Amino acid sequence: MPPRLLRHLRRYSTIPSPILRVINNVAQLGPPKPGPKPRQLLSLPPFPAHPLPGRGCEGSGEKRMTAISWVKYYFDEIEGSVVQSHFTNGLVQMESPTLDGSLNIKDTQAKLMKKIKPNEVMEPGERIHIPVSIAESRISRRFDTIPSGTLYPNADEIKYMQRLVKYKDSAIIVLNKPPKLPVKGGLPVHNSMDALAAAALSYDYEEGPKLVHRLDRETSGLLLMGRTSKSTSHMQWLFGNEDKTKTSSKAWNDASKATCMRYWALVIGSPKEKEGIICAPLMKVLLNDGKTERVLLAHRSGFDASCEAITEYRVLGPMINGCSWVELQPHTSRKHQLRVHCAEALGTPIVGDYKYGWFVQKSWKQTPQVNIEPTSGEPYKFRRPDKLDVQKGSILSKVPLLHLHCRELVLPNIAKFLDVIDAKNPTGDPVRLSGKPDILRFVAPMPSHMKISWNLMSSYLV
């Protein structure tokens, strides 16, 4: 066979050529070393056409944004050096457009990926995929402690609450709520967020902050509290009203439209559609002679709908160990909305949700899960972290904690607009208002049990 034809066949042959390897002064002929193992990829949302909220460039006219800036913006809690290393190692990819110029996001097997450089300019609609290792984080052996149930908080509980503060100004306080800590207290509950905040977070004010919205006891993440009665009432109206444009200030109306909360959740199974909007009204029913309250989908119960509920969701990556990570954005504020929509509307209850997904949780823990990596065709394999107890509520625990975390919060800078929305300064003084951003954005890291589950599912996998 001619040498030129032989080189051509070797180039397109699927059988690897044997190589000569010397081990302990003995020459051996064998197959080449295997290449890098495939990584689980995390899908970022499509790059938006509108300016990014909270980036600090409102009104500057800046519309160009590089790929590395977009990744750093989305992973605001991740160090910039970690993001840079992923670009340097060529691990960041972008979906290549189809022949008609659109991006095919439904067929995951037919996606065409290309490596992207950090200085490439993002275009609206482009979607980046990056290994989930970017969000891996070290987990301390010392887990967060929950304050004891006392009527009057002690010094340790006050310091504990102050460590949870992520942002504070003259109008609001943003906390990173830990799991298993109730938000609203009562006679049987003393160690609640509102009671501890009233005693520990008043600072130089006469009264402590008040709740703007609520999170479930087992849910973690960003919690907003108002420091004054005006700021609290305005933010409560903003979170409870769909029509957010009722002032004469265009800047406030635009900032109000950007208000949103995004959650990360680990669900059992994977939704059929990788992204979509759930429009399923909810209703409350009382069980056990009124002792237990439960939220149901109204159209399945046969009763009239009581509350409209809308949730936008997006699958972050493939299914591993029978579970998949999803991003949830509620457009309405209903009790247990995300948990019911995941369990009933999508058929994928959240890990650790024993109220709305008990039977699925039980069968999932009893059934061995085997998932195949689409590139190599080999099964995924867990990597257990060294010197770490994986039973702290993670997916390997016998009784996992709820894997629902309020990760991102975007809201208008209420301290800047108080006078404007109170009609004391309806036109808005540009000199006084230009020094502060119109929109505030916060990103909170996941709690320890969700970090362990993330690290377990973001290994080299094969």
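Residues numbered from 1 in each chain as written. Predicted model: local features only at pLDDT ≥ 70, side-chain atom pairs only at ≥ 80, totals over all residues. Heavy atoms only, no water.

J.: Sorry, what's going on with the overall build of the protein here?
T.: A count of helices and strands for the protein gives 13 helices and 18 strands. Here the protein holds 462 residues, and the buried ones make up 44% of them. A sequence separation of at least 24 residues applies to 69% of the contacts in the protein between residues at least 6 apart. (Helix = DSSP H or I, 4+ residues; strand = E, 2+ residues; numbered from the N terminus. Buried < 20%, exposed > 50% of the residue type's maximum accessible area, 1.4 Å probe, protein only. Contact = heavy atoms within 4.5 Å.)

J.: Even after reading the chapter, I still don't get the nonpolar core, so can you show me in this structure?
T.: Considering soluble globular proteins, one finds that nonpolar side chains tend to be buried as a cluster. Counting 62 residues, the largest nonpolar core has Met161, Ile172, Leu224, Met235, Leu328 and Leu409 as its most contacted members. Excluding its chain neighbours within four sequence positions, the residues that come into contact with Ile172 are Tyr167, Leu224, Met225, Gly226, Arg227, Met235, Leu411, Ile414 and Leu440. Of all hydrophobic cores here, the second largest spans 40 residues; its members include Val71, Ile128, Leu316 and Ile395. (Core = buried A, V, L, I, M, F, W, Y, C linked by side-chain atoms within 4.5 Å.)

J.: Teacher, can you tell me more about the confidence of the model for the protein here?
T.: Note that predicted coordinates carrying low pLDDT should not be read in detail. With 69% of its residues at a pLDDT of 70 or more, the protein has an overall mean of 78. Scored below 50 in pLDDT, residues 57–61 shows five contacts in the model against residues more than four places distant or in partner chains. Every residue in residues 99–110 is under pLDDT 50, and counting partners more than four places away or in other chains gives 18 contacts. (pLDDT = per-residue confidence, 0-100.)

J.: Which parts of the structure should I look at to understand helix α9 (residues 337–345)?
T.: Note that an α-helix has 3.6 residues per turn; residues three or four places apart therefore point the same way. Counting buried positions along α9 yields seven of nine residues, so the element is predominantly enclosed. Where α9 is concerned, the buried positions are Gln337, Leu338, Arg339, Val340, His341, Cys342 and Ala343. Just downstream of α9, Gly347 is the residue with a positive phi angle, here 75 degrees.

J.: Just to check I follow, could you spell out the pattern of salt bridges for this structure?
T.: Two side chains carrying opposite charge are able to pair once their charged atoms lie near each other. Enumeration according to the criterion identifies 13 salt bridges in this entry. In this structure, Arg127 engages Glu275 in a salt bridge whose closest nitrogen and oxygen atoms are separated by 3.3 Å. Taken as a pair, Arg127 in the loop between β5 (113–115) and β6 (128–131) and Glu275 in strand β12 (residues 275–279) lie far apart in primary sequence, 148 residues in all. A salt bridge links Glu408 to Arg441, with the shortest nitrogen-to-oxygen separation between them at 2.8 Å. Note that Glu408 is positioned in strand β17 (residues 404–412) and Arg441 in strand β18 (residues 439–443), a separation of 33 residues in sequence. Judged on exposure class, the residue Glu408 and its partner Arg441 are both buried. (Salt bridge = Lys/Arg side-chain N within 4 Å of Asp/Glu carboxyl O.)

J.: For this particular structure, what's the right way to read the sheet that holds β5?
T.: Within a beta sheet, neighbouring strands are joined by backbone hydrogen bonds and run either parallel or antiparallel to one another. One open sheet accounts for four strands, arranged β3-β6-β4-β5; its pairing is antiparallel. A single partner strand is all that each edge strand has here, and the edge strands are β3 (41–43) and β5. Direction aside, neighbouring strands of the sheet carry axes that sit 35 degrees apart on average. (Pairing = 2+ DSSP bridges. Axes fitted to C-alpha atoms, helices over the stretch in contact; angles between N-to-C directions.)

J.: Would you explain the packing of aromatic side chains in this entry?
T.: Aromatic ring pairs are defined here through the distance separating the ring centres and the angle between the ring planes. Tallying each qualifying case throughout the model produces ten aromatic pairs. Judged by centre distance (5.0 Å) and plane angle (85 degrees), the ring pair of Tyr74 and Phe75 falls under edge-to-face. Across the pair, Phe75 and Tyr74 agree in class, each one buried. Looking at Lys168, its charged tip hangs above the ring of Tyr203, at a distance of 4.7 Å from the centre. Above the plane of the ring of Trp264 lies Arg407, whose end atom (NZ or CZ) is 4.4 Å from the centre. (Phe/Tyr/Trp six-rings, centres within 6.5 Å; stacked < 30°, edge-to-face > 60°. Lys NZ or Arg CZ within 6 Å of the ring centre and 35° of its normal.)

J.: Sorry, what's going on with the state of the cysteines here?
T.: What makes a disulfide is a covalent bond joining the sulfur atoms belonging to two cysteines. Tallied over the entire structure, the rule returns zero disulfides. Free of any disulfide, Cys406 has its nearest neighbouring cysteine sulfur in Cys260, separated by 9.5 Å. For Cys406, a relative accessible area of 0% gives the class buried. (Disulfide = S-S within 2.5 Å.)

J.: How should I be thinking about the packing of helix α4 (residues 155–163) against helix α5 (residues 193–200) in this particular structure?
T.: Packed helix pairs are specified by the crossing angle of their axes together with the interaxial distance, meaning the distance between the axes. Where α4 meets α5, the axes come as close as 9 Å, and the angle between the chain directions of the two elements is 100 degrees. By the angle class used here, α4 and α5 are roughly perpendicular. Contacts from Glu157, Ile158, Met161 and Gln162 of α4 reach α5 at Met193, Leu196, Ala197, Ala199 and Ala200. (Parallel < 35°, antiparallel > 145°, perpendicular 65-115°, else oblique.)

J.: Help me out: how do you make sense of α5 in this one?
T.: Listing the buried residues of α5 in full gives Met193, Asp194, Leu196, Ala197 and Ala200. All buried residues of α5 fall inside an arc of 165 degrees around its axis, so they share one side. Looking at the packing, one finds that the buried side of α5 touches α4, β8 (172–177), β9 (210–211) and β10 (220–226). (Arc of directions from axis to C-beta.)

J.: Would you take a moment to explain the environment of Leu282 for this structure?
T.: As for its placement among the helices and strands, Leu282 is situated in strand β13 (residues 282–287). By relative accessible area, which is 2% here, Leu282 ends up buried.

J.: Honestly, the packing of helix α2 (residues 67–74) against helix α3 (residues 80–88) in this entry has me stumped. Any pointers?
T.: Close contact between α2 and α3 brings their axes to 10 Å; oriented N to C, the two are set at 135 degrees. In terms of orientation, α2 lies oblique with respect to α3. Note on packing geometry: the crossing formed by α2 with α3 is right-handed. Across from Ala67, Ile68, Val71 and Lys72 in α2, the residues of α3 making contact are Gly80, Val83, Gln84 and Phe87. Among the residues making up the contact of α2 with α3, the classes are represented as five nonpolar, two polar and one charged. (Left-handed = near helix turned anticlockwise from the far one by under 90°. Nonpolar A, V, L, I, M, F, W, Y, C, P; charged D, E, K, R; others polar.)

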